[in-house]
Amino acid sequence: MIKLTVNGKSVETAADPDTPLLWVLRDDLGLTGTKYGCGIAACGACTVHVEGEAVRSCSYPLSAAADSAVTTIEGLSPDSSHPLQKSWIDQQVPQCGYCQSGMIMAAAALLKEKAKPSDADIDAAITNICRCGTYQRVRQAIHRAAGEQG
C-alpha cells in the first residue's frame, strides 16, 4: 500500500507504484477535475501540486508521490473562492474549459513562488497548452488574482 495525503486527507492505494498519479486521482479517488490531455507531460491539463510544486501527473509515478501532500483543483479551495478561481470567472477565461484546471494549478504554483509576476514570468511559468487560445485572458486573470492576494 502506498500512502499519500490528497487535498488534506490521508489515503492509501494498492495501485501499482508505476501507475501515473493522474489515474490514481481520477480512477481510484474519483477526483476528475484533473484531466488527461496528452499522456506525455506536454499539455499540462493534468497539472497538480505535489508538496506545493506543480507537476504533470500523467507522467508522474505514484511511487514518487508516496508520503507526499498532493493538491488537485478540487483541493485548491473548498468553495472555489481561491483568487485564481474567482479571477478565471471574472475574466471569462474558459472557452471549452478542458485545460483550465491544469492552468489554474500551474498559476497557483507560480503565485506561491512569485506574488506579483510580470508578463514574462507568466509566459515562462505557464507552459500549458490551450487549444482555444485564451492565453491573454489567462495572463489577465493571473494579474487580477495577484492583485487580490497582495
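Attention in this report is confined to the structure presented alongside it. Keep in mind that this is a model prediction, so the values were computed, not measured.

How each quantity is defined
Residues numbered from 1 in each chain as written. Predicted model: local features only at pLDDT ≥ 70, side-chain atom pairs only at ≥ 80, totals over all residues. Heavy atoms only, no water. Helix = DSSP H or I, 4+ residues; strand = E, 2+ residues; numbered from the N terminus. Rg over C-alpha atoms; globule rule 2.2 N^0.38 Å. Areas by Shrake-Rupley, 256 points an atom, 1.4 Å probe, with all protein chains shown as cover. Lys, Arg positive; Asp, Glu negative; His and termini not counted. Charge placed at Lys NZ, Arg CZ, Asp CG, Glu CD. Buried < 20%, exposed > 50% of the residue type's maximum accessible area, 1.4 Å probe, protein only. Pairing = 2+ DSSP bridges. Axes fitted to C-alpha atoms, helices over the stretch in contact; angles between N-to-C directions. Contact = heavy atoms within 4.5 Å. Expected span 1.5 Å × (residues − 1). Parallel < 35°, antiparallel > 145°, perpendicular 65-115°, else oblique. Left-handed = near helix turned anticlockwise from the far one by under 90°. Nonpolar A, V, L, I, M, F, W, Y, C, P; charged D, E, K, R; others polar. Core = buried A, V, L, I, M, F, W, Y, C linked by side-chain atoms within 4.5 Å. Salt bridge = Lys/Arg side-chain N within 4 Å of Asp/Glu carboxyl O. Phe/Tyr/Trp six-rings, centres within 6.5 Å; stacked < 30°, edge-to-face > 60°.

### A few points about the overall build of the protein
Here's step 1: Counting its secondary structure elements, the protein contains seven helices and five strands.
Here's step 2: Taking 150 residues into account, the globule formula puts the C-alpha radius of gyration at 15 Å, and the protein, at 15 Å, falls close to it.
Here's step 3: Its C-alpha atoms give the protein principal-axis dimensions of about 45 × 30 × 25 Å.
Here's step 4: For the protein, the exposed surface amounts to about 7400 Å²; the carbon and sulfur share of it is 49%.
Here's step 5: A distance of 8 Å separates the average location of the 13 positive side-chain charges in the protein from that of its 16 negative side-chain charges.

### Considerations on helix α4 (residues 83-90)
Here's step 1: Looking at α4, one finds that the buried residues are Pro83, Leu84, Gln85, Ser87 and Trp88.
Here's step 2: Just downstream of α4, Gln92 is the residue with a positive phi angle, here 50°.

### Describing the sheet that holds strand β2 (residues 9-13)
Here's step 1: Spatial ordering of the open sheet is given by β2-β1-β5-β3-β4, a layout of five strands whose pairing is mixed. The open sheet has two free edges, formed respectively by β2 and β4 (53-56), since each of these has just one partner strand. Each neighbouring strand pair of the sheet contributes to a mean axis angle of 40°, computed without reference to strand direction.
Here's step 2: Looking at chain direction, strand β1 (residues 2-6) and strand β5 (residues 69-71) are connected through two bridges and run parallel. Note that in β5 the partner of Thr5 across the bridge is Ala69.
Here's step 3: Packing against the sheet, helix α5 (residues 100-113) makes contact with β3 (47-50), β4 and β5, and its axis sits at approximately 35° to β3.

### Observations concerning α5
Here's step 1: Between its first and last C-alpha atoms α5 spans 20 Å; for 14 residues at 1.5 Å apiece the expected length is 20 Å, and the two agree.
Here's step 2: Along α5, 12 of the 14 residues are buried, which leaves the element largely enclosed by surrounding structure.
Here's step 3: Among the residues making up α5, those that are buried are Gln100, Ser101, Gly102, Met103, Ile104, Met105, Ala106, Ala107, Ala108, Ala109, Leu110 and Leu111.

### Details of the packing of α4 against α5
Here's step 1: Between α4 and α5, the shortest axis-to-axis distance is 10 Å and the interhelical angle comes to 130°. One finds that α4 runs oblique with respect to α5. Every pair of crossing elements has a handedness; the one defined by α4 and α5 is right-handed. Judged by residue contacts, Leu84, Gln85 and Trp88 of α4 engage Gln100, Met103, Ile104, Ala107, Ala108 and Leu111 from α5.
Here's step 2: In the contact of α4 with α5, the residues fall into seven nonpolar, two polar and no charged.

### A closer look at the nonpolar core
Here's step 1: One finds Leu84, Trp88, Met103, Ile126 and Ile142 to be the most contacted residues of the largest nonpolar core, which totals 22 residues.
Here's step 2: Elements represented by at least two residues in this core include exactly α3 (73-76), α4, α5 and α7 (135-149).
Here's step 3: Looking at which element gives the most residues to this core, the answer is α5, with eight residues.
Here's step 4: By size, the runner-up hydrophobic cluster in this structure holds 14 residues, among which are Ile2, Ala15, Ala65 and Val70.

### Here's the deal with the pattern of salt bridges
Here's step 1: Throughout the structure, instances matching the rule amount to five salt bridges.
Here's step 2: Among the salt bridges present, the one from Lys114 reaches Asp121, with a minimum N-O distance of 3.4 Å.
Here's step 3: Note on Lys114: relative accessible area 35%, which makes it partly exposed.
Here's step 4: We classify Asp121 as partly exposed; its relative accessible area is 22%.

### Side note on the packing of aromatic side chains
Where two aromatic rings form a pair, the distance of their centres and the angle of their planes describe that pair.
Here's step 1: Counted under the stated rule, the structure contains one aromatic pair.
Here's step 2: Between Trp23 and Tyr36, the ring centres sit 5.3 Å apart and the planes meet at 35°, which makes this aromatic pair tilted. One end of the pair, Trp23, is in helix α1 (residues 21-28); the other, Tyr36, is in the loop between α1 and β3, with 13 residues separating them in the sequence.

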